[in-house]
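# A closer look at the structure
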Amino acid sequence: MALLVQKFGGTSVGSIERIEAVAERVIKARQSGHQVVVVLSAMAGETNRLLGLAKQIDEIPTPRELDVLLAAGEQVSIALLAMALNKRGYSAVSLIADQVVIRTDNAFNNATISEVETQRITALLGDDNIVIVAGFQGRDIDGNITTLGRGGSDTTAVAIASALDADECQIFTDVDGVYSTDPRIVPTAIRLDVIHFDYMTSMARLGAKVLQLQSVEYACQHRVPLRVLSSFDDSEGTLVNFDSMVSSTIIGIALQNQHALLEIALPETEISKHLALFGGTAWVLTHASDENKSQIVVVNDDIARLKLVFDSKMRHIGMVSILSLVGENTEHYLDSVQKVLKEANIKVHTYQSDKKCLSLLINDDDHVAAVDLIHKRFVVDGQSLDNQSYLAVS
């Protein structure tokens, strides 16, 4: 008998029909003799709906109150799944973060888990219950509701798996594993059986959406085996672990699209000081023709907050994407990559490079063509099938 932590994302619980299907999948694991803890996201679209309501009140909502609002979504999905399991004759109990207890710091909207208490979950499992926990949320030292940022339910699942010393943390999503690039952009992307934590961490940091970065880092630090599975089929998915990795090629393509390229009428040193007040992340580019102007790249959703920092000194230039190649000695690929993109009339605004990552800034309208080209040339054509187990998803 194994102890499994199973996490299901928003598309997996996006309707009553889907919640009923999740119940059947959980029961299947239970019938195999396993103890099961389930972590759920809010139903698909619910977090965005709640965020939209908040922005109708205030374009930049009070962070604490926004967390109070957004945490409500998961309470709906966990209760509905518990009802579906109990209806089928399997005892199930749903718990919010207060009831577990899941402790975090007080960084509202992007909190970090510091501790998960296991007594109540262990007791419920001992009484033959299936335990269902609300993902994405926690409580700080003052009892305030906190949320863990987009994709935070993954982190909840990993933290609970670590605290319980679970045999495996299974992340169920709308794709059937980890791919060499986003299969929704490149249909020929390769699904992998195994990927090393180091590569998965790099890809998640650079835009891979199959796993939240914080969850991968937490699992890596606490050595929690992760398995990425589809909630829509019975494939074996992809195991993320510490198996040896050796690769002399590009092993994956990551993408961060829908970013804003902004010009700021300040020198780079001044911009860095102001960004410390911003609290977000930005790629700062020095303007070549004028040392008193710089360009920065930020997530489009952060523009409203940046207006508070830079006001009239900020000018929106356009939308861009950051395309990243991950592998060994990636700096050696710069000239070849730029040549391929230039031949396709895809402009590279600038780049950043080190031994394990080459990131290029391109126009957002070009991101689909660019990923397809680079994936075919430097991932598919650039390595043998023997290396497939070391690729990563974007």
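Keep in mind that this is a model prediction, so the values were computed, not measured.

### What to know about the sheet that holds strand β10 (residues 194-196)
Strand order in the open sheet formed by 8 strands is β3-β6-β2-β1-β9-β11-β12-β10, with mixed pairing between adjacent strands. Strands with a single pairing partner mark the edges of an open sheet, and in this sheet they are β3 (92-95) and β10. Each strand axis lies, on average, 20 degrees off the axis of its neighbour in the sheet, ignoring direction. Note: strand β9 (residues 168-173) against strand β11 (residues 226-230), 5 bridges, orientation parallel. Within β11, the residue paired with Q170 across the bridge is R227. Along the sheet, helix α8 (residues 197-205) contacts β10, β11 and β12 (238-241); its crossing angle with β10, the most-contacted strand, is approximately 80 degrees.

### Quick notes on helix α3 (residues 63-70)
Turning to α3, its buried residues number three or more, namely L66, D67 and L70. For α3, the angular spread of buried residues about the axis comes to 100 degrees, placing them on one side. Of the surrounding elements, those touching the buried residues of α3 are α2 (46-57), α4 (72-87) and β8 (145-147).

### Concerning the packing of helix α7 (residues 152-164) against helix α9 (residues 213-222)
Running from N to C, α7 and α9 cross one another at 15 degrees; their axes reach a closest spacing of 8 Å. On the basis of the axis angle, α7 is roughly parallel to α9. Along this stretch, α7 crosses α9, giving a crossing that reads as left-handed. Contact residues: α7 offers D154, T155, V158, A159 and S162, while α9 offers Q214, S215, Y218, A219 and H222. Per-class residue counts for the contact of α7 with α9 are 4 nonpolar, 5 polar and 1 charged.

### Concerning the domain arrangement of the protein
Each assigned domain of the protein is listed here: domain 1 (3-241) and domain 2 (250-381). The C-alpha-based centres of domain 1 and domain 2 are spaced at 30 Å. Taken together, the contact between domain 1 and domain 2 spans 15 residues of the former and 21 residues of the latter. Between domain 1 and domain 2 the total buried area reaches about 1500 Å² when both faces are included, carbon and sulfur atoms providing 69% of it. By the criterion of area lost to domain 2, the three top residues of domain 1 are I185, Y199 and L206, representing 38% of everything that side buries.

### What about unusual backbone geometry?
A cis amide bond, omega 20 degrees, links V100 with the succeeding residue V101. Tracing the backbone through its elements, the reader meets V101 in the loop between α5 (97-100) and β4 (102-104). Notably, D128 is not glycine yet its phi reads approximately 70 degrees, a positive angle. The class for D128 is partly exposed, based on a relative accessible area of 47%. Phi is positive for Q258, close to 55 degrees, though the residue is something other than glycine. Checked against the element boundaries, Q258 lands in strand β13 (residues 250-264). Given the relative accessible area of 41%, Q258 is considered partly exposed.

### Topic: the UniProt feature "domain: Aspartate/glutamate/uridylate kinase" (unreviewed entry) in the protein
Under the UniProt annotation, "domain: Aspartate/glutamate/uridylate kinase" (unreviewed entry) lies at residues 3-229. Summarising residues 3-229: 42% helix, 21% strand, and an end-to-end C-alpha distance of 17 Å.

### Here we look at the confidence of the model for the protein
Per-chain confidence: the protein averages 90 in pLDDT, with 94% of residues scoring 70 or above. Counting interchain partners and residues more than four positions distant, the pLDDT-below-50 stretch residues 384-394 has 47 contacts.

The rules behind each value
- Residues numbered from 1 in each chain as written.
- Predicted model: local features only at pLDDT ≥ 70, side-chain atom pairs only at ≥ 80, totals over all residues.
- Heavy atoms only, no water.
- Pairing = 2+ DSSP bridges.
- Helix = DSSP H or I, 4+ residues; strand = E, 2+ residues; numbered from the N terminus.
- Axes fitted to C-alpha atoms, helices over the stretch in contact; angles between N-to-C directions.
- Contact = heavy atoms within 4.5 Å.
- Buried < 20%, exposed > 50% of the residue type's maximum accessible area, 1.4 Å probe, protein only.
- Arc of directions from axis to C-beta.
- Parallel < 35°, antiparallel > 145°, perpendicular 65-115°, else oblique.
- Left-handed = near helix turned anticlockwise from the far one by under 90°.
- Nonpolar A, V, L, I, M, F, W, Y, C, P; charged D, E, K, R; others polar.
- Domains from an automatic or database assignment.
- Buried area = accessible area lost by both parts, 1.4 Å probe.
- UniProt positions renumbered as here; feature names shortened; annotations may be inferred.
- pLDDT = per-residue confidence, 0-100.

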